[in-house]
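# Secondary and tertiary structure notes
In case you want the letters, here they are:
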Amino acid sequence: QVGYDVHAVEAKWLPVWERLDPFRADDASPREKRYALTMFPYPSGDLHMGHAEVTALHDVIARYWWLRGYEVLNPMGWDSFGLPAENAAIRNNEHPATYTYANIETQAASFKRYAVAFDWSRRLHTSDPEYYRWTQWLFLKFRERGLAYRKDSPVNWCPNDQTVLANEQVVDGRCERCGAEVTKRELNQWYFKITEYAQELLDDLDALAPTWPDRVVTAQRNWIGRSEGAHVTFTVRTESGDRDLEVYTTRPDTLYGATFMVVAADAPLAAELVTEAQRPAYEAYLAETRKASDIDRLSTDRPKTGVDLGVTAINPVNGEEIAVWASDYVLADYGTGAIMAVPAHDQRDLDFAKAMGLPVRRVVDTGEPNPEETYQATTGDGVYVNSGPLDGLTDKVAGIRTIIERLESEGRGSGAVNFRLRDWLLSRQRYWGCPIPVIHCETCGEVAVPEDQLPVELPELRGADLKPKGVSPLAAAEDWVNVDCPQCGGPAKRDSDTMDTFVDSSWYFLRYCSPHDDTQAFDPEQVNAWMPCDIYVGGVEHAVLHLLYARFFTKVLADMGLLDFREPFAAQLNQGVVINQGKKMSKSLGNGVNLGAQLEEFGVDAVRLTLVFAGPPEDNIDWADVSPAGSLRFLQRAWRLSGDVTSTPGVSAEKGDVALRRVTHRTVHDAAELVESKRFNVMVARVMELVNATRKAIDSGCGPADPAVREAAEAVAVLLSLVAPYTAEEMWDRLGHEPSVARTTWPVVDETLLVEDSVTAVVQVKGKVRARLEVSPDISEADLEAAALADDAVQRALDGATVRKVIVRAPKLVNIVV
Ligand code: ANZ
Ligand code: ZN
């Protein structure tokens, strides 16, 4: 027998699959539909171990569904706009399109070789005009609904990339992409009003919680950050007269302990309140504030800084006059951008009071040392003190209610809900993105590009300098940017910003359902038939941004009447990370594992098997701890079985060796449950056991001609096709079947073979043993009698004689008297 040549097997089946196209999803299929989605990649370089892992895991599910008789939509495409391509293009002095599309071809070829069960007919690239035409259309629809708007606001600014960043793209005060320290800038920007959906985005997480990873649900809940409290209105005595100052607080019950107020230094309000005497000090402080990131500003260990605005405010419940300060620890775009400081019960306020020598008043006695002396804020429950009508009360809920009622009756406040979630800033001052389809006219103002003029194509800008300058390179493209106003025909300019790439990826899963429709973004009928996605596999790094945005888009489109569901992803799986020698792979550590080299050395199947077998899908995989060589040896063992089988295809397994049949049927049965509960590694372990059992049966048991051996080998091929498609196909071929094993059906499990322990029942006819039956130890008398009478050997022994009496002693004996 010749050896197993992985690369020859790969070369043999790849073109066959190309021809058979076994995973093309048929919209018109009568079969039940399933949608298996995996996060589409950025086209930066070739595929790496991370792609290999996520698609190997994802493929187990998609291929399983096909075998179980579903029509499976399993598409792939590229998230092909964005900074990585633009930066690489600048580095290599070429056009972003050249870099992008070359990488897409490389990755597509690698995916094909890697044998992922994608429906390639649905491939899309978000940077194709056929795609982004509809991204633009969606933007215009959002704008019509008041969900896309522009405003001037301080934005996170990456001085290195010279671009605006969403809050989500600022990690520890640094640019997510390049690591540069992020600063603030005032710009006129486009926003999506995701806050309008904050409550629904939060509420609908409850229904997702059972089928979404906990960490994703929690991250989204925290990101949305709903809190309940009150708006309280103070009166500020300014140099130009009295005015109201509203704050948001989660602890209105501590209002008697408010000893000063703090306004965000960078809120326009601070500049309005400050006295002329304090203005120079304030302006100097403001300049400092603009340099700090939100994360730093909210940090409790940061020394508190600030400036006295020189004005006072009146506390609405006790008429007390307190100082108003500006500081960076209050954020301009959260709540109302101003707070009432209760230093006794909020550590940041207390630190500020200590730093500035401001008064502290305890209003809740928790039994702990007094924060007025210790400068340790107490945040727990206790007895209200120094709090007028609340004094002596211990119930916080009642305390909050009492104060809110009082404020409401006096028109100085009301109960309020606040969200941490901000509107989604989508403008980017970069070239390689979807142009915003808006024209700015001096006469008409902001004018939407008429739908029949979409797409607004990106101008080529060959040879142009794409280096970040703070304005989009598109602004300098005179021919492109200067247009006639669609409304008045007068001179106008195109909006030169491009969209955040998260806009592109917020609806690609819809486009896959009708990817070539050039009359609409998606065909609602197809989308409603395929969606929501039954599984979404991808990295936990997208727990907040992408997943929240995709949910938001889905809800808006449902409100537009285009979708009959409000959540896009019914279930989710986050794979772990492939690491090496206990550490994240990185250039500097030199511990990177090259996917291409692994595939060369061990073949596709062994790499895929290794990734699936390494552990639970959510766990990280340390490449130093796994053995692709071991995987390859196992695949060889499995493959060898297919050459040893000597019975013919189609032979009935019923007469085969019962012990082996039990193992086979038990394995197939359990494999289904294991795949459905996403314990793919255990499923692989079970297939390994089946291979061993089959080998034993061939070598020292019933021999290669036993039909149970064929049954077992065929089951191995089908189960292995979920993980090792080449080996499985080759086995299937050697077992005498037509390709593709991936489109055969899941083996039918004979329930009677699943009985855990069996006993041998002896059947006697006229006192002579005529048959032995393997039966369940708890078989009923009636079932045992029926099984005995149905047995071929028993029937032959009876030879037509009339049965006079059957004595049954379940489960061991049947005695037939004629
Ligand atoms: C008085 C108070 C007393 C507060 C107390 C807390 C404890 P969450 O739960 O995150 O919504 N706050 C409000 N606006 C702020 C801003 N723009 N920047 C920084 N802090 C702000 O937090 C709400 C609480 O955070 C509010 O309740 C306010 O401080 C502060 F014992 O008001 B609290
Ligand atoms: Zn006009």
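The preceding data block contains the structure.
Since this is a predicted model, take the numbers as computed values, not measurements.

Definitions and limits used
- Residues numbered from 1 in each chain as written.
- Chains lettered and ligands numbered in written order.
- Predicted model: local features only at pLDDT ≥ 70, side-chain atom pairs only at ≥ 80, totals over all residues.
- Heavy atoms only, no water.
- Helix = DSSP H or I, 4+ residues; strand = E, 2+ residues; numbered from the N terminus.
- Buried < 20%, exposed > 50% of the residue type's maximum accessible area, 1.4 Å probe, protein only.
- Contact = heavy atoms within 4.5 Å.
- Pairing = 2+ DSSP bridges.
- Axes fitted to C-alpha atoms, helices over the stretch in contact; angles between N-to-C directions.
- Donors = N, O, S within 2.8 Å, 3.2 Å for Na, K, Ca; no water.
- Salt bridge = Lys/Arg side-chain N within 4 Å of Asp/Glu carboxyl O.
- Near = heavy atom within 4 Å.
- Polar contact = N/O pair within 3.5 Å; in protein donor to acceptor, adjacent residues only side chain to side chain.
- Areas by Shrake-Rupley, 256 points an atom, 1.4 Å probe, with all protein chains shown as cover.
- Nonpolar A, V, L, I, M, F, W, Y, C, P; charged D, E, K, R; others polar.

## With respect to the overall build of the protein
For the protein, the helix and strand inventory stands at 28 helices and 34 strands. Projecting the C-alpha coordinates of the protein onto the three principal axes gives extents of approximately 115 × 75 × 50 Å. Counting the 818 residues in the protein, one finds 55% classified as buried. Intrachain contacts of the protein at a sequence separation of at least 6 include 72% that bridge at least 24 residues.

## Some points on unusual backbone geometry
Here Leu454 and Pro455 are connected by a cis peptide whose omega angle stands at 0°. By the element assignment, Pro455 lies in the loop between strand S22 (445-448) and helix H15 (478-481). Cis peptide bonds are those with omega within 30 degrees of zero, and the linkage from Ala810 to Pro811 qualifies with 0°. Mapped onto the secondary structure, Pro811 falls in the loop between strand S33 (805-809) and strand S34 (813-817). Unlike most non-glycine residues, Asp21 shows phi in positive territory, near 45°. For Asp21, the location among the structural elements is in the loop between helix H1 (6-20) and strand S1 (33-38). At Lys766, a residue that is not glycine, the phi angle is positive and equals roughly 50°. Within the secondary structure layout, Lys766 lies in the loop between strand S31 (759-765) and strand S32 (768-775).

## Some remarks on the sheet that holds strand S24 (residues 491-494)
On the basis of which strands lie adjacent, the open sheet formed by four strands has the order S22-S21-S24-S23 and antiparallel pairing. The two strands at the open ends of the sheet, each matched to only one other strand, are S22 and strand S23 (482-484). Averaged over all adjacent pairs, the angle separating strand axes in this sheet is 40°, with direction ignored. Where strand S21 (residues 438-441) lies against S22, four bridges are found, and the strand directions are antiparallel. The residue bridging Val438 from the neighbouring strand is Ala448, located in S22.

## As for the coordination of the zinc ion (ligand 2)
Protein-derived ligands of the zinc ion (ligand 2) are Cys441 (SG), Cys444 (SG), Cys485 (SG) and Cys488 (SG), with the metal-ligand distances lying across 2.2 to 2.4 Å. Along the chain, the residues that donate to the zinc ion (ligand 2) are spaced as C-x2-C-x40-C-x2-C. Separated by 41 residues along the polypeptide, Cys444 in the loop between S21 and S22 and Cys485 in the loop between S23 and S24 bring together distant segments of the chain. Overall, Cys485 belongs to the buried group, its relative accessible area being 3%.

## A few points about the pattern of salt bridges
A side chain of one charge can pair with a side chain of the opposite charge when the charged atoms of the two come close. In this structure the tally under the stated criterion is 45 salt bridges. Residue Lys141 is joined to Glu451 by a salt bridge in which the shortest nitrogen-to-oxygen separation is 2.9 Å. Here Lys141 is found in helix H5 (residues 129-144), whereas its partner Glu451 is found in the loop between S22 and H15, with 310 residues between them in sequence. The class for Lys141 is buried, based on a relative accessible area of 13%. Asp670 is the salt-bridge partner of Arg686, the closest N and O atoms lying 2.7 Å from each other. In this pair, Arg686 is assigned in helix H24 (residues 680-700) and Asp670 in helix H23 (residues 658-676), connecting sequence segments 16 residues apart.

## What about the site of ligand 1?
Neighbouring residues of ligand 1: 15 residues in total, closest Ser227, Thr249, Thr250, Leu331 and Tyr334. Between Thr249 and ligand 1, the recorded distance is 2.7 Å, taken from a side-chain N or O atom to an oxygen atom. Between ligand 1 and Leu331, the relevant distance is 2.8 Å, taken from a nitrogen atom to a main-chain nitrogen or oxygen of the residue. Here ligand 1, which alone exposes 640 Å², has 83% of that area covered by the protein. Elements with a contribution of two residues or more to the shell around ligand 1: strand S11 (241-249) and strand S15 (338-341). The residue inventory of the shell around ligand 1, partitioned by class, reads eight nonpolar, five polar and two charged.

As far as function goes, none of this settles anything; it's purely spatial.
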